[in-house]
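# Structural features, examined
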Amino acid sequence: MSTPYERLMAEAIPTGKFGYPPPPSDPHKRPWTPHEQAEHRRIADEAVADWHDPSDRAEQKRHLHLVPTEQSHTDAA
């Protein structure tokens, strides 16, 4: 067992383990097949297809335009 200081110093380079070993993996968990991944992606895409954040400033669609000036601006002396 390590001290709180040793656990803190173990996180000097973050690993997400906080000084402890990683939890054991679930032996019954299997990776998704490509077909399952594609189906999950299709369902997720369908769920958010028409969603938008009404408070998002990008929704206001600001347009940029050039403003002519009297002089040309250069950094050369």
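Refer to the structure above for everything that follows.
Residues numbered from 1 in each chain as written. Predicted model: local features only at pLDDT ≥ 70, side-chain atom pairs only at ≥ 80, totals over all residues. Heavy atoms only, no water.

### Considering the pattern of salt bridges
Following the criterion strictly, the structure yields 4 salt bridges and no others. With a shortest N-O distance of 2.8 Å, Arg30 and Glu36 are connected by a salt bridge. Since its relative accessible area comes to 27%, Glu36 is described here as partly exposed. Ionic pairing is found between Glu39 and Arg42, a salt bridge with its closest N-O pair at 2.7 Å. Residue Glu39 and its partner Arg42 are located together in helix α2 (residues 34-48), separated by 3 residues, close to a single helical turn. (Salt bridge = Lys/Arg side-chain N within 4 Å of Asp/Glu carboxyl O. Buried < 20%, exposed > 50% of the residue type's maximum accessible area, 1.4 Å probe, protein only. Helix = DSSP H or I, 4+ residues; strand = E, 2+ residues; numbered from the N terminus.)

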